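# Per-entry structural report
This is what each chain is made of:
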There are 2 protein chains.
Amino acid sequence: MAKLYPDSIQNLIERFAELPGIGARSAERMAFYILASARDEAMSLAIAIRDVKKNIRACKRCFNVAEHELCHICSDYKRDNGLICVVELPRDIIALEKCGGYNGEYHVLQGRLEPSAGVGPEQLRIQELITRVAEPEVREVILALNPTTEGDITATYLIELISGLDKEVIITRLARGLASGTDLEATAPSSLEYALKGRQRV
Amino acid sequence: MAKLYPDSIQNLIERFAELPGIGARSAERMAFYILASARDEAMSLAIAIRDVKKNIRACKRCFNVAEHELCHICSDYKRDNGLICVVELPRDIIALEKCGGYNGEYHVLQGRLEPSAGVGPEQLRIQELITRVAEPEVREVILALNPTTEGDITATYLIELISGLDKEVIITRLARGLASGTDLEATAPSSLEYALKGRQRV
């Protein structure tokens, strides 16, 4: 087929098409929107992308997304630091915060055990979790991994590790009100609240 | 609700949500994708946006998108410069080029007559079209406006104007094989080819 677009438009369409859930048609529409929009408006998207990559780091305590050394949850003195809710990714925190039923802290593993993809315990923030669990104020660790095979494997691994610590700590898991095989991120806030309230001691 | 995201993530989500067809959930997913992706990859999107705003201008002849003075169609000597196909927007050219049935040139009005929105003939590239039509080599003007009320009004206006010129020129319109009320841009290439072949002399 003959060349349809000038190079810079073609390039923008291809970059948009790399985003999750964006097909060729959507990418085309988005590129033409950028083309037609005021320069300031278009640049505000470019700048927002740059700022996220420049400003966002991992919280040095829980590995959530943060704009400072500590994320907005770890630096909130009103949160209960006796509770640590362990999640795979920062977006899982968003889902849990939206349900509004939790006032403890978090720990982001930055993934889950997936030996077939080369993700072992060393690739995750597991050592840092264990260090936190050993702190005297910690009473309970809530395992909020996704209800998938890999999530279950990761939870089982963590239960063994934490149970082996020289410390009394309650380990709980979210109630399996979650629909199996789905993502925690995609679960409705009400179901998440239910799962959180019905968490069961291991 | 408590603050869910650091400011720069919130800002990026809002910017993504301004794009056409992107809801709150998609914008969130896209922002987290940017967050998780390698810095180079994320920046390549920011740079692609900047480059489009920097490099793309209107072709000085037909007002299509262009990276140089003339667009890639106007600067292609193999195109038949005796045919001018008049469209509303550059994306309409993409749709027509995809159908593969046309080898003439284009003229982009950059909109359509819409008095209620303050778009009169002076806001469109109509004077420039008339100047081109007056060129001796031009034999036919194909009106490929969208099959909508505004498109029809614009076509009627152009027919009057061109008919009043002191020059013999054939004026045609795309066959109304197009489904009324839809966008030309969203029409399947095969229907577009049919509409192009069945264009009728006014």
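Our structure's up above, just so we're on the same page.
Keep in mind that this is a model prediction, so the values were computed, not measured.

Our focus in this paragraph is the environment of V138 of chain B. Residues and elements named next belong to chain B. With respect to the secondary-structure elements, V138 resides in the loop between α5 (126-133) and β5 (140-143). Judged by relative accessible area, V138 falls into the buried class, the value being 3%. As a C-alpha pair, V138 and A186 span 48 residues in sequence and 29 Å in three-dimensional space. Not counting the four nearest positions on each side in its chain, V138 is found in contact with N81, G82, I84, R132, V133, K167 and V169.

Taken together, a rotation about one axis and a shift along it account for how the two chain copies relate. Of the transformation superimposing chain B on chain A, the axial component is 0.0 Å and the angular component is 180 degrees, with the fit at an RMSD of 0.1 Å. Accordingly, the operation relating the two chain copies is best matched by a two-fold axis. Taking C-alpha positions as the reference, the residue of chain B nearest the rotation axis is A46 of chain B, at 2.1 Å. Of all interface residues in chain B, 100% are interface residues in chain A too; the two copies therefore contact each other through one and the same surface.

Turning next to the packing of aromatic side chains. All names here are of chain B. Taken as a whole and judged by the stated rule, the model has four aromatic pairs over all chains. Between Y5 and F32, the aromatic rings sit 6.1 Å apart at their centres with planes inclined by 55 degrees, giving tilted as the arrangement. Of this pair, Y5 sits in the segment before α1 (7-17) while F32 sits in helix α2 (residues 24-36); the two residues are 27 residues apart in sequence, bridging distant segments of the chain. Here Y5 matches F32 in class, with each residue buried.

Right, let's talk about the packing of helix α2 (residues 24-36) of chain A against helix α3 (residues 39-55) of chain B for a bit. Put simply, α2 of chain A and α3 of chain B touch, their axes get as near as 9 Å, and they point 50 degrees apart. One element, α2 of chain A, and the other, α3 of chain B, form an angle in the oblique class. Where α2 of chain A crosses over α3 of chain B, the handedness of that crossing is right-handed. On the side of α2 of chain A, the interface is formed by I34, L35 and A36 of chain A, while α3 of chain B contributes I49, V52 and K53 of chain B.

A separate point is the nonpolar core. The nonpolar side chains of soluble globular proteins are, as a tendency, buried together. With 48 residues, the main nonpolar core has F16 of chain A together with F16 of chain B as its most contacted residues. Those elements giving two or more residues to this core turn out to be α1 (7-17), α2 and α3 (39-55) of chain A together with α1, α2 and α3 of chain B. Not counting chain neighbours up to four residues away, the residues in contact with F16 of chain B comprise L19 and L45 of chain A together with I22, A27, M30, A31, I34 and L45 of chain B.

Moving on: the interface of chain B and chain A. It is common to report an interface's size as the accessible area lost on association of the parts. Contacts between chain B and chain A engage 54 residues on the former and 54 residues on the latter. Taken together, both faces of the contact between chain B and chain A bury some 5000 Å²; the carbon and sulfur share is 70%. At the boundary of chain B and chain A, one finds two salt bridges. Between K98 of chain A and E28 of chain B there is a salt bridge, with the nearest N and O atoms lying 3.0 Å from each other. Linking chain B to chain A there are 13 residue pairs in polar contact (both at pLDDT 80 or more). Listing elements by their share of the side of chain B that touches chain A, those giving two or more residues are α1, α2, α3, β2 (65-66) and α4 (90-99) of chain B.

What follows is about the packing of α1 of chain A against α2 of chain A. Residue and element names in this part refer to chain A. Between α1 and α2, the shortest axis-to-axis distance is 8 Å and the interhelical angle comes to 130 degrees. Classed by the angle they form, the pair α1 and α2 counts as oblique. Where α1 crosses over α2, the handedness of that crossing is right-handed. From α1, I9, L12, I13, F16 and A17 reach across to α2, where they touch A27, E28, M30, A31, I34 and L35. Grouping the amino acids of the contact of α1 with α2 by side-chain chemistry returns ten nonpolar, no polar and one charged.

About the thresholds
Residues numbered from 1 in each chain as written. Chains lettered and ligands numbered in written order. Predicted model: local features only at pLDDT ≥ 70, side-chain atom pairs only at ≥ 80, totals over all residues. Heavy atoms only, no water. Helix = DSSP H or I, 4+ residues; strand = E, 2+ residues; numbered from the N terminus. Buried < 20%, exposed > 50% of the residue type's maximum accessible area, 1.4 Å probe, protein only. Contact = heavy atoms within 4.5 Å. Least-squares fit on C-alpha atoms with pLDDT ≥ 70 in both. Phe/Tyr/Trp six-rings, centres within 6.5 Å; stacked < 30°, edge-to-face > 60°. Axes fitted to C-alpha atoms, helices over the stretch in contact; angles between N-to-C directions. Parallel < 35°, antiparallel > 145°, perpendicular 65-115°, else oblique. Left-handed = near helix turned anticlockwise from the far one by under 90°. Core = buried A, V, L, I, M, F, W, Y, C linked by side-chain atoms within 4.5 Å. Buried area = accessible area lost by both parts, 1.4 Å probe. Salt bridge = Lys/Arg side-chain N within 4 Å of Asp/Glu carboxyl O. Polar contact = N/O pair within 3.5 Å; in protein donor to acceptor, adjacent residues only side chain to side chain. Nonpolar A, V, L, I, M, F, W, Y, C, P; charged D, E, K, R; others polar.

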